[in-house]
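Chain residues, written in single-letter form:
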Amino acid sequence: AQSVTQLDSQVPVFEEAPVELRCNYSSSVSVYLFWYVQYPNQGLQLLLKYLSGSTLVESINGFEAEFNKSQTSFHLRKPSVHISDTAEYFCAVVWNNNNDMRFGAGTRLTVKP
Amino acid sequence: EPEVTQTPSHQVTQMGQEVILRCVPISNHLYFYWYRQILGQKVEFLVSFYNNEISEKSEIFDDQFSVERPDGSNFTLKIRSTKLEDSAMYFCASTQVLDTQYFGPGTRLTVL
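Because the structure is predicted, anything quoted here is derived from the model rather than measured.

(A) A look at the overall build of chain A. Looking only at helices and strands, chain A features 0 helices and 12 strands. Ordered by position from N to C terminus, the α and β elements of chain A give β-β-β-β-β-β-β-β-β-β-β-β. Since a compact globule built from 113 residues should have a radius of gyration of about 13 Å, the 14 Å found for chain A is in line with a globular shape. Principal-axis analysis of the C-alpha atoms places the extent of chain A at approximately 45 × 30 × 20 Å. For chain A, the residues scored as buried account for 49% of the 113 residues in total. The long-range fraction of contacts in chain A, counting pairs at least 24 apart against all pairs at least 6 apart in sequence, stands at 57%. Just so you have it, chain A exposes about 5400 Å², and 49% of that area is on carbon and sulfur atoms. Positive and negative charge centroids in chain A, built from 8 and 10 side chains respectively, lie 6 Å apart.

(B) Seen up close, the state of the cysteines. Residues and elements named next belong to chain A. Within this structure, the stated rule accounts for 2 disulfides over all chains. The disulfide partner of Cys23 is Cys91, and the gap between their sulfur atoms is 1.9 Å. Its S-S torsion of approximately -65° makes the covalent link between Cys23 and Cys91 left-handed. Taken together, the residues Cys23 in the loop between strand E3 (19-21) and strand E4 (24-25) and Cys91 in strand E10 (residues 87-95) connect sequence positions 68 residues apart. Per residue, the accessibility class of Cys23 equals that of Cys91, and both read buried.

(C) Representation of the interface of chain B and chain A in the model. Facing the 19 residues of chain B at the interface are 19 residues of chain A. Summing both partners gives a buried area of about 1700 Å² for chain B against chain A, and 52% of it is carried by carbon and sulfur. In this assembly, chain B and chain A are joined by 1 salt bridge. Note that B:Glu56 and A:Arg102 form a salt bridge whose closest N and O atoms lie 3.4 Å from each other. At the boundary of chain B with chain A, the tally comes to 5 residue pairs in polar contact (both at pLDDT 80 or more). Its residues assigned to classes, the side of chain B that touches chain A comprises 9 nonpolar, 7 polar and 3 charged.

(D) Geometry of the packing of aromatic side chains. As enumerated under the stated definition, the model contains 16 aromatic pairs over all chains in all. Arranged with centres 5.8 Å apart and planes meeting at 75°, the rings of A:Phe103 and B:Phe103 form a pair that is edge-to-face. Of this pair, A:Phe103 sits in strand E11 (residues 101-103) while B:Phe103 sits in strand E10 (residues 102-103), which puts the two residues in different chains. Look at B:Phe103 and you get buried, because its relative accessible area is 10%. With 5.3 Å between their ring centres and 40° between their planes, B:Phe49 and B:Phe75 make a pair best called tilted.

(E) Highlighting the sheet that holds strand E1 (residues 5-7) of chain B. Residue and element names in this part refer to chain B. Spatial ordering of the open sheet is given by E1-E3-E8-E7, a layout of 4 strands whose pairing is antiparallel. Looking at the sheet topology across the chains shown, the edges are occupied by E1 and strand E7 (65-68). Neighbouring strand axes in the sheet, compared pairwise and without regard to direction, differ in orientation by 20° on average. With 5 bridges joining them, strand E3 (residues 19-24) and strand E8 (residues 75-79) adopt antiparallel strand pairing. Pairing of Cys23 across the sheet is with Phe75, part of E8.

(F) Representation of unusual backbone geometry within the structure. Residue and element names in this part refer to chain B. Cis geometry marks the peptide bond from Thr7 to Pro8, where omega comes out at -10°. Of note, Asn51 is a non-glycine position whose phi angle comes to about 55°, a positive value. Looking at the secondary structure, you find Asn51 in the loop between strand E5 (43-50) and strand E6 (53-57). A positive phi is found at Asn52, a non-glycine position, where the angle reads about 65°.

(G) Seen up close, the pattern of salt bridges. Residue and element names in this part refer to chain A. A full pass over the atoms with the stated rule returns 8 salt bridges over all chains. In this structure, Glu20 and Arg77 form a salt bridge, with 3.3 Å as the shortest nitrogen-oxygen distance. With Glu20 in strand E3 and Arg77 in strand E9 (residues 73-78), this pair connects stretches of sequence that are 57 residues apart. A relative accessible area of 24% means that Arg77 is categorised as partly exposed. Salt bridges linked by common partners bring Glu20, Glu64, Glu66 and Arg77 together as one network.

Definitions and limits used
Residues numbered from 1 in each chain as written. Chains lettered and ligands numbered in written order. Predicted model: local features only at pLDDT ≥ 70, side-chain atom pairs only at ≥ 80, totals over all residues. Heavy atoms only, no water. Helix = DSSP H or I, 4+ residues; strand = E, 2+ residues; numbered from the N terminus. Rg over C-alpha atoms; globule rule 2.2 N^0.38 Å. Buried < 20%, exposed > 50% of the residue type's maximum accessible area, 1.4 Å probe, protein only. Contact = heavy atoms within 4.5 Å. Areas by Shrake-Rupley, 256 points an atom, 1.4 Å probe, with all protein chains shown as cover. Lys, Arg positive; Asp, Glu negative; His and termini not counted. Charge placed at Lys NZ, Arg CZ, Asp CG, Glu CD. Disulfide = S-S within 2.5 Å. Buried area = accessible area lost by both parts, 1.4 Å probe. Salt bridge = Lys/Arg side-chain N within 4 Å of Asp/Glu carboxyl O. Polar contact = N/O pair within 3.5 Å; in protein donor to acceptor, adjacent residues only side chain to side chain. Nonpolar A, V, L, I, M, F, W, Y, C, P; charged D, E, K, R; others polar. Phe/Tyr/Trp six-rings, centres within 6.5 Å; stacked < 30°, edge-to-face > 60°. Pairing = 2+ DSSP bridges. Axes fitted to C-alpha atoms, helices over the stretch in contact; angles between N-to-C directions.

This is the structure we're talking about:
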């Protein structure tokens, strides 16, 4: 069965600390990988995506994620977080044998001063 | 930049009533989706729609649910007889083809 696993439901960190939000997925076919961010009381916004090419992808606000095919992972990282990064982060996968997206359970990142 | 829009932003209804949630996908997109998010929980896939028919649906999408693209711009989700457990945020999304899904801001459905 196709599944997306986000191992940490909550990640509290202090401002300016590094953070890694983990995402693993089941895979028997090639995939497209996404991270979406949901700020409080808002909808889902695309943070970054991997479709093909370089396995390291970056967002405009300093996040990056690396596609690791052998480990079926797409972990999200930021070297120094800000208070404004406090949000829920969802990993999402589209398996290339269909066009349907499945989400992980989400990781609530809380950045403390 | 084009965006997906959804109306209303908040819908309150009585249990057993029918509701229709409306979405206007991005104009040149071909695939359309509905998701729901129960408060504090994960985003769950409901249904995908392509070429005027359902291409896939989840176990959540039972006979109480239906989708329609009544004209060239709107994409609707109907719940025939709402239940308390249907209370959630409902997100519409669209994509051109096998690429990024763009999400609307959501409709918060509250069933009393």
